[in-house]
Structure formats: C-alpha cells, structure tokens
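Structural description and commentary
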Amino acid sequence: MIDIKKIETLLHNKKIKSTAMRNVVLQYFLNTEKAISLKDLETEFHYSDRTTLFRTIKTFKEKGLLHAIKDGSNSTKYALCHKNCTSENHIDIHPHFYCVQCKNTICLRKVSIPTINIGSNFIIQSTELIVKGICDNCNTVA
Ligand SMILES: [Zn+2]
Ligand SMILES: [Zn+2]
Ligand SMILES: [Zn+2]
C-alpha cells in the first residue's frame, strides 16, 4: 500500500512536485533496505517509460532525496538520503556495505567515515568507503 501522505510530505520537503511516477518510485525506495540500481528499477517498473524513470532518479538526486553509491559493481546504485540533505550539501556521509554473496549494497547510516589526514596541501572533496563481505542475511542462511 502506498502511504500517499508520507510520500507527499517527503517530496514536498525536498521541493519536488508529486507525480504518479515519482510517488511509486519513492515508495519503492522506502520499502527496501538495499540500494537500488537503475537496472533494478527497470525490472520493477518494466511497464514504465525508461526515460521518465531515469529522469525521476535524476531529479531525486539533484534535490537531495537520493545519493549515488559506487560499490565496485558495474552499476551505480541509489539510496534514500537523510531528510536534511540538499543537492549541494549531503549530511549523511556514511560507509556502504557490499555483500559479495547476494550482491546487495546497504547504507551503514549509523557508522561515520573517519577523517583522513593527508596533509595540508590536499583538499578533500568527498570520501567514499565501501566495506565488502558477507551480510548478516547471507550469514544466517544455512
Ligand atoms: Zn544525502
Ligand atoms: Zn548478502
Ligand atoms: Zn548510503
């Protein structure tokens, strides 16, 4: 079931206009723990126009609703941002976990990336940290 109130509030907070496509895509992100690739989206929304789908993701990213994750697999993945993220300022910098077994990527939102000291002449613009291994889900399946 789509919780339309919640969806509209989330979109409104990021100054995104609600459309049928945006609503269902956001709902999909809300319902999953894992990061989503464009390919996942295409499979999920196979009945939709690809261009509209891609444009939706682009808008979400530009408005600070989603962040992109490069986990070392071939496709960029996306996950929901903190409610205070904006396009220029992402306050939810966190490591990501890539499971080599189920190939899922999850946000480690409670973990912070350590500050890396590389000397005063360097300007760090972003830091990405990918942790690889077996996720708790795969680890418990006998
Ligand atoms: Zn963010
Ligand atoms: Zn796994
Ligand atoms: Zn993340």
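Up top is the structure these notes are about.
Presented here is an overview of the structure given in this document.

Basis of the calculations
Residues numbered from 1 in each chain as written. Chains lettered and ligands numbered in written order. Predicted model: local features only at pLDDT ≥ 70, side-chain atom pairs only at ≥ 80, totals over all residues. Heavy atoms only, no water. Donors = N, O, S within 2.8 Å, 3.2 Å for Na, K, Ca; no water. Tetrahedral: all angles 85-135°; square planar, octahedral: opposite > 155°, others 65-115°. Phe/Tyr/Trp six-rings, centres within 6.5 Å; stacked < 30°, edge-to-face > 60°. Helix = DSSP H or I, 4+ residues; strand = E, 2+ residues; numbered from the N terminus. Buried < 20%, exposed > 50% of the residue type's maximum accessible area, 1.4 Å probe, protein only. 1 Å grid on protein atoms, 1.4 Å probe; cavity = no way out; pocket = protein on both sides within 12 Å on 5 of 7 lines; lining within 4 Å. Points joined across faces, edges and corners; volume = space filled by probe spheres on them. Nonpolar A, V, L, I, M, F, W, Y, C, P; charged D, E, K, R; others polar. Pairing = 2+ DSSP bridges. Axes fitted to C-alpha atoms, helices over the stretch in contact; angles between N-to-C directions. Expected span 1.5 Å × (residues − 1). Arc of directions from axis to C-beta.

This paragraph deals with the coordination of the zinc ion (ligand 1). Geometry reference: four tetrahedral donors at a metal, ideal angle 109.5 degrees. Six octahedral donors, ideal angles 90 or 180 degrees. The zinc ion (ligand 1) binds to the protein through Cys 81 (SG), Cys 85 (SG), His 90 (ND1) and Asp 92 (OD), with metal-donor distances spanning 2.1 to 2.3 Å. The coordination sphere of the zinc ion (ligand 1) comprises 4 donor atoms, whose angles at the metal cover 82 to 132 degrees; the geometry is irregular. Summarised as a motif, the one-chain spacing of the donors to the zinc ion (ligand 1) is C-x3-C-x4-H-x1-D.

A few words now on the packing of aromatic side chains. Tallied over the full model, the rule gives 3 aromatic pairs. Here Tyr 28 and Phe 29 contribute two aromatic rings whose centre-to-centre distance is 6.4 Å and whose plane-to-plane angle is 70 degrees, an arrangement assigned as edge-to-face. A ring pair is formed by Tyr 28 and Phe 45, whose centres lie 5.6 Å apart and whose planes are at 85 degrees; its orientation type is edge-to-face. With Tyr 28 in helix α2 (residues 20-30) and Phe 45 in the loop between α3 (38-44) and α4 (50-62), this residue pair connects regions lying 17 residues apart in the sequence. By relative accessible area, Phe 45 is classed as buried at 4%. An aromatic cluster is built from Tyr 28, Phe 29, Phe 45 and Tyr 47, whose rings are joined through pairwise contacts.

Computed from the structure, the largest pocket encloses a volume of approximately 430 Å³. Around the largest pocket, the lining comprises 18 residues; the ones closest to its centre are His 67, Ala 68, His 90, Ile 93 and Glu 128. For the lining of the largest pocket, the residue count by class is 6 nonpolar, 8 polar and 4 charged. Computed from the structure, the second largest pocket encloses a volume of approximately 160 Å³. Every residue lining the second largest pocket is listed: Glu 33, Lys 34, Phe 97, Cys 99, Cys 102, Asn 104, Ile 106, Cys 135, Asp 136, Asn 137 and Cys 138. Elements supplying a minimum of two residues to the lining of the second largest pocket: β4 (96-99) and α5 (136-140). The element best represented in the lining of the second largest pocket is α5, accounting for 3 residues.

This part is about the sheet that holds strand β6 (residues 130-133). Taken in spatial order, the 3 strands line up as β5-β4-β6 in an open sheet, and their pairing is mixed. Each end of this open sheet is capped by a strand with a single partner; those strands are β5 (105-107) and β6. Averaged over all neighbouring strand pairs, the angle between strand axes comes to 25 degrees, with direction disregarded. Pairing geometry for β4 and β5, over 3 bridges, is antiparallel. Considered in β5, the bridge of Tyr 98 is made with Thr 105.

Taking 1.5 Å as the rise per residue, α4 with 13 residues should run 18 Å; its terminal C-alpha atoms sit 18 Å apart, in good agreement. All buried positions along α4 are accounted for by Leu 53, Thr 56, Ile 57, Thr 59 and Phe 60. In a view along the axis of α4, the buried residues occupy a sector of 160 degrees, so they form one face of it. Of the exposed residues in α4, the ones pointing more than 90 degrees away from its buried face are Arg 55 and Lys 58. Following α4 by one or two positions, Gly 64 has its phi on the positive side, about 80 degrees.

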